[in-house]
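What follows is the residue order along each chain.
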Amino acid sequence: MELIYVDGSPFSRIVRVLIAAWGLPVALREVGFPLPKAVDALTPMGQVPLLLRGDAPPIFPTLLIIEHLAAMAPKGAPFPITGERARLVVALTAGDALAQAAYIGWAGLGPVGPNVLGFDLRDRLVRRFNSVAGWLAQQAPPDTVTGLALAVLLDWARSRGVEGVAAEAPALRNILELLERPEVAATAPRPYAP
Ligand SMILES: N[C@@H](CCC(=O)N[C@@H](CS)C(=O)NCC(=O)O)C(=O)O
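Residues numbered from 1 in each chain as written. Predicted model: local features only at pLDDT ≥ 70, side-chain atom pairs only at ≥ 80, totals over all residues. Heavy atoms only, no water.

### Let's talk about the domain arrangement of the protein chain
- Its domain assignment divides the protein chain into domain 1 (2-70) and domain 2 (85-181).
- Just the C-alpha atoms count here: the centres of domain 1 and domain 2 sit 21 Å apart.
- The interface is formed by 12 residues belonging to domain 1 together with 16 residues belonging to domain 2.
- Here domain 1 and domain 2 share 2 salt bridges between them.
- Elements with a minimum of two residues in the side of domain 1 that touches domain 2: helix 1 (10-21) and helix 3 (62-70).
- Residue contributions to the side of domain 1 that touches domain 2 peak at 6 residues, all from helix 1.
- In terms of residue class, the side of domain 1 that touches domain 2 is built from 8 nonpolar, 2 polar and 2 charged. (Domains from an automatic or database assignment. Contact = heavy atoms within 4.5 Å. Salt bridge = Lys/Arg side-chain N within 4 Å of Asp/Glu carboxyl O. Helix = DSSP H or I, 4+ residues; strand = E, 2+ residues; numbered from the N terminus. Nonpolar A, V, L, I, M, F, W, Y, C, P; charged D, E, K, R; others polar.)

This is the structure in structure tokens:
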């Protein structure tokens, strides 16, 4: 098996940490961002992470990769997923909102006409992420795959300077401590300037 990933991608980082923490035989292939056309062609989503399995169809998105790998994780391994599916779906969906908010900023998008939507889209995406982060911090045990996902998303928001993300909120301290674990720290994103 081979994982295609982008260094900064928080979704990829979650999977990379799990591969290391669960000791799984998955080769890692880093690609650049924006994604090369050859990688785009492997998935209708045009996104990473992407898990290749020889002649079998590639696995995506992140949730399905995690579930596939979890079936191979040794018993008692860190970051368990048992009982976490619902929270993990919410965490990853909030991660999509976070990424969209960042992309809106990096793409230089702003109003070009009257806002008939009734709210500021970027602001709402960031609020959604903050709200989910607070909710998860209250109820998801840090030492689970959901805690890991949240910690990695918060770290990405901090490292990329995504405006408005409340990554320093005291309620998130327990979650952010996960970033100090060696297998998590080893995947910290390199600096990125779009
Ligand atoms: N919902 C997707 C999100 C994955 C995602 O947003 N990947 C980003 C990198 S963090 C990506 O590949 N972006 C490339 C693009 O949009 O062209 C998942 O869960 O896997």
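### Overview of the environment of Pro57
- In this fold, Pro57 is placed in strand 4 (residues 56-59).
- Along the primary structure Pro57 and Thr43 are separated by 14 residues, whereas in three dimensions their C-alpha atoms are 9.5 Å apart.

### Let's talk about the sheet that holds strand 2 (residues 27-31)
- Ordered by their spatial adjacency, 4 strands build an open sheet running 2-1-3-4, and the pairing between neighbours is mixed. The sheet is open, and its two edges are formed by strand 2 and strand 4, each paired on a single side. Adjacent strand axes in the sheet meet at a mean angle of 25° when their direction is disregarded.
- Here 2 bridges tie strand 3 (residues 50-53) to strand 4, and the two strands are oriented antiparallel to one another. Bridge pairing in strand 4 places Leu51 opposite Ile59.
- Helix 1 rests against strand 1 (2-6) and strand 2 of the sheet, and its axis sits at about 140° to strand 1. (Pairing = 2+ DSSP bridges. Axes fitted to C-alpha atoms, helices over the stretch in contact; angles between N-to-C directions.)

### Considering the site of the ligand
- Inspection of the region around the ligand gives Ser9, Pro10, Phe11, Phe33, Leu35, Gly46, Gln47, Val48, Pro61, Thr62, Asp96 and Tyr103 as its neighbouring residues.
- Thr62 is positioned with one of its side-chain polar atoms (N or O) 2.7 Å from an oxygen atom of the ligand.
- The pocket occupied by the ligand, as judged from atoms lying within 2 Å of grid points, is the largest pocket.
- Listed by contribution, the elements that provide at least two residues to the shell around the ligand are helix 1 and helix 4 (85-106).
- Split by residue class, the shell around the ligand holds 7 nonpolar, 4 polar and 1 charged. (Near = heavy atom within 4 Å. Polar contact = N/O pair within 3.5 Å; in protein donor to acceptor, adjacent residues only side chain to side chain. 1 Å grid on protein atoms, 1.4 Å probe; cavity = no way out; pocket = protein on both sides within 12 Å on 5 of 7 lines; lining within 4 Å. Sits in = over half its atoms within 2 Å of the grid points.)

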